[in-house]
There are 2 protein chains.
Amino acid sequence: MHQNLTDIIGYCAAFLTTIAFAPQAYQSWKTRNLDGISLTMYSLFTVGVALWFFYGLLIESMPVILANAITLLLSTTIMYLKIKQVLKRKHISFTLK
Amino acid sequence: MHQNLTDIIGYCAAFLTTIAFAPQAYQSWKTRNLDGISLTMYSLFTVGVALWFFYGLLIESMPVILANAITLLLSTTIMYLKIKQVLKRKHISFTLK
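This section reports on the structure supplied with the text.

Thresholds, definitions, all that
- Per-chain numbering applies: the sequence of each chain, read as written, is numbered from 1 onward.
- A letter from A marks each chain and a number from 1 marks each ligand, given out in the order of writing.
- Two thresholds apply to this predicted model, a pLDDT of at least 70 for residue-level local features and 80 or more for giving and counting side-chain atom pairs, whereas whole-chain, interface and lining totals are computed over all residues.
- Water and hydrogen atoms were dropped before computing side-chain values, which therefore reflect all heavy atoms in the structure.
- Contacts between residues were defined by any pair of non-hydrogen atoms, one from each residue, lying within 4.5 Å.
- Helix and strand definitions here come from DSSP, where helices need a minimum of 4 consecutive H or I residues and strands a minimum of 2 consecutive E residues; each element is numbered from the N-terminal end.
- In this analysis, axes come from line fits to C-alpha atoms, helices being fitted only over the stretch in contact, and the angle between any two N-to-C directions falls in the range 0 to 180 degrees.
- What sets the label is the angle itself: under 35 degrees gives roughly parallel, over 145 gives roughly antiparallel, 65 to 115 gives roughly perpendicular, and the rest give oblique.
- The hand of a helix crossing depends on one turn: near helix anticlockwise from the far one by less than a right angle means left-handed, and clockwise means right-handed.
- Copies overlap after least-squares fitting; the atoms used are the C-alpha atoms of residues with pLDDT of at least 70 in both.
- Note on terminology: a nonpolar core comprises buried Ala, Val, Leu, Ile, Met, Phe, Trp, Tyr and Cys residues joined through side-chain atoms within 4.5 Å.
- Working definition: with a 1.4 Å probe on protein chains only, accessible area under 20% of the residue-type maximum means buried, over 50% means exposed, and in between means partly exposed.
- Put simply, Ala, Val, Leu, Ile, Met, Phe, Trp, Tyr, Cys and Pro go in the nonpolar bin, Asp, Glu, Lys and Arg in the charged bin, and everything else, Gly too, in the polar bin.
- Should a side-chain nitrogen of Lys or Arg be within 4 Å of a carboxyl oxygen of Asp or Glu, the pair is scored as a salt bridge.
- Only centres within 6.5 Å qualify two rings of Phe, Tyr or Trp (six-membered ring in Trp) as a pair; their planes then separate them into stacked at under 30 degrees, edge-to-face at over 60, and tilted for everything else.
- Distance and angle both matter: a charge sits over a ring if NZ of Lys or CZ of Arg is within 6 Å of the ring centre and within 35 degrees of the ring normal.

A few words on the interface of chain B and chain A. Across the contact, 35 residues belong to chain B and 35 residues belong to chain A. Contributing elements (two or more residues each) for the side of chain B that touches chain A: helix 1 (3-19), helix 2 (21-31) and helix 3 (39-59) of chain B. Top element by residues in the side of chain B that touches chain A is helix 3 of chain B. It accounts for 14 residues.

Let us now look at the environment of Ser43 of chain A. Secondary-structure assignment places Ser43 of chain A in helix 3 (residues 39-59). Taking the C-alpha atoms as reference points, Ser43 of chain A and Leu73 of chain A, 30 residues apart in sequence, are found 13 Å from one another.

Residues and elements named next belong to chain A. As a packed pair, helix 2 (residues 21-31) and helix 4 (residues 62-96) sit with axes 9 Å apart at the nearest point and diverge in direction by 30°. Judged by the inter-axis angle, helix 2 sits roughly parallel to helix 4. Helix 4 is crossed by helix 2, and the crossing has left-handed handedness. Between helix 2 and helix 4, the contacting residues are Phe21, Ala22, Gln24, Ala25, Ser28 and Trp29 on the first element and Thr71, Leu74, Thr77, Ile78 and Leu81 on the second.

Turning our attention to the relation of the copies chain B and chain A. Mapping between the two chain copies consists of a rotation about an axis together with a translation along that axis. Once chain B is rotated about the relating axis by 180° and shifted along it by 0.0 Å, it coincides with chain A to within an RMSD of 0.0 Å. Both chain copies can therefore be described as sitting about a two-fold axis. A high fraction, 100%, of the interface residues of chain B reappear at the interface in chain A, so the copies pair face to face through one surface.

Below, the discussion takes up the nonpolar core. Taken as a class, soluble globular proteins show a tendency for nonpolar side chains to be buried jointly. Grouped together as the largest cluster of nonpolar side chains are 26 residues, with contacts concentrated most on Phe21 and Tyr42 of chain A together with Phe21 and Tyr42 of chain B. Every element with two or more residues in this core is listed here: helix 2, helix 3 and helix 4 of chain A together with helix 2, helix 3 and helix 4 (62-96) of chain B. Excluding anything up to four places from it in sequence, Phe21 of chain B contacts Phe21, Met41 and Phe45 of chain A together with Met41, Tyr42, Phe45, Thr71, Leu74 and Ile78 of chain B.

Here we come to the packing of helix 3 of chain A against helix 1 of chain B. Axis separation between helix 3 of chain A and helix 1 of chain B bottoms out at 8 Å; the angle between their running directions is 150°. It follows from the interaxial angle that helix 3 of chain A and helix 1 of chain B lie roughly antiparallel. Seen from above, helix 3 of chain A lies across helix 1 of chain B with left-handed handedness. Across the interface between the two elements, Leu44, Phe45, Val47, Gly48, Val49, Leu51, Trp52, Phe54, Tyr55, Leu58 and Ile59 of chain A from helix 3 of chain A touch Thr6, Ile9, Gly10, Cys12, Ala13, Ala14, Leu16, Thr17 and Ile19 of chain B from helix 1 of chain B. In terms of residue class, the contact of helix 3 of chain A with helix 1 of chain B is built from 16 nonpolar, 4 polar and no charged.

For helix 2 of chain B, the set of buried residues is Phe21, Pro23, Gln24, Ala25 and Ser28 of chain B. Contacts from the buried residues of helix 2 of chain B go to helix 2 and helix 3 of chain A together with helix 1, helix 3 and helix 4 of chain B. Positive phi appears at Arg32 of chain B, one or two residues downstream of helix 2 of chain B, with a value of about 55°.

Right, let's get into the pattern of salt bridges. Residue and element names in this part refer to chain A. In the structure shown here, the tally under the stated rule is 2 salt bridges over all chains. The salt bridge partner of Asp35 is Arg89, with a shortest N-O separation of 2.8 Å. Of this pair, Asp35 sits in the loop between helix 2 and helix 3 while Arg89 sits in helix 4; the two residues are 54 residues apart in sequence, bridging distant segments of the chain.

A few words now on the environment of Thr6 of chain B. Looking at where Thr6 of chain B falls in the secondary structure, it is placed in helix 1. A C-alpha to C-alpha distance of 39 Å links Thr6 of chain B and Asp35 of chain B, two positions 29 residues apart in sequence.

So, on to the packing of aromatic side chains. Here the structure, examined in full by the defined rule, presents 8 aromatic pairs over all chains. A centroid spacing of 6.5 Å and a plane angle of 90° characterise the contact between Phe21 of chain A and Tyr42 of chain A, whose relative ring orientation is edge-to-face. Here Phe21 of chain A is found in helix 2, whereas its partner Tyr42 of chain A is found in helix 3, with 21 residues between them in sequence. Residue Phe21 of chain A is classed as buried on the basis of its relative accessible area of 0%. Residues Phe45 of chain A and Phe21 of chain B carry aromatic rings whose centres are separated by 5.6 Å and whose planes lie at 75° to one another, so their mutual orientation is edge-to-face. Of this pair, Phe45 of chain A sits in helix 3 while Phe21 of chain B sits in helix 2, placing the two residues on different chains. On the basis of relative accessibility, which here comes to 5%, the residue Phe45 of chain A falls in the buried class. Taken together, Phe21, Tyr42 and Phe45 of chain A together with Phe21, Tyr42 and Phe45 of chain B form an aromatic cluster joined through their ring pairs. Positioned over the ring face of Trp29 of chain A is Arg32 of chain A, at 4.4 Å from the centre of the ring.

By themselves, these observations are geometric and do not establish any function.
Quick look at the structure:
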């Protein structure tokens, strides 16, 4: 296939997998409904994205740096909201005892 | 930094962002609690990962193909469970009318 078309497919893929976390972060922020969201997922994912960002710096790749900076911000937001929910529930469960 | 170390960081990043979806898929499958999960996120993400997979085939990169095949399976599972939940609620809401 033509190299340009291959590149376009790669950029579309990168755009979609980066921007996908925006509606999740927005919904979680607005509704504060984090039920069903796995904290283990967002912990592993956030560390992974931070490593991608660091990897981008090392290989001096601006697309890798930029895409992962955005994803890092979004996934950290979701993880933060989930941790807040978990801590709140632990506090409630402790108070009820 | 040493090239080998840079590569190791890249592989760790790829491993974490791929495997991260496993605990989410497992939790969603086991509890069937999809509240708080954004369907928009998983729709955009699944299409994005499918494009990454296709991109991997085009550039003949086995790491890109393998990592995205796994993520595609996991994110499709989560999306499928979320769609089922949305359709079930629509049906309930329709029945109650």
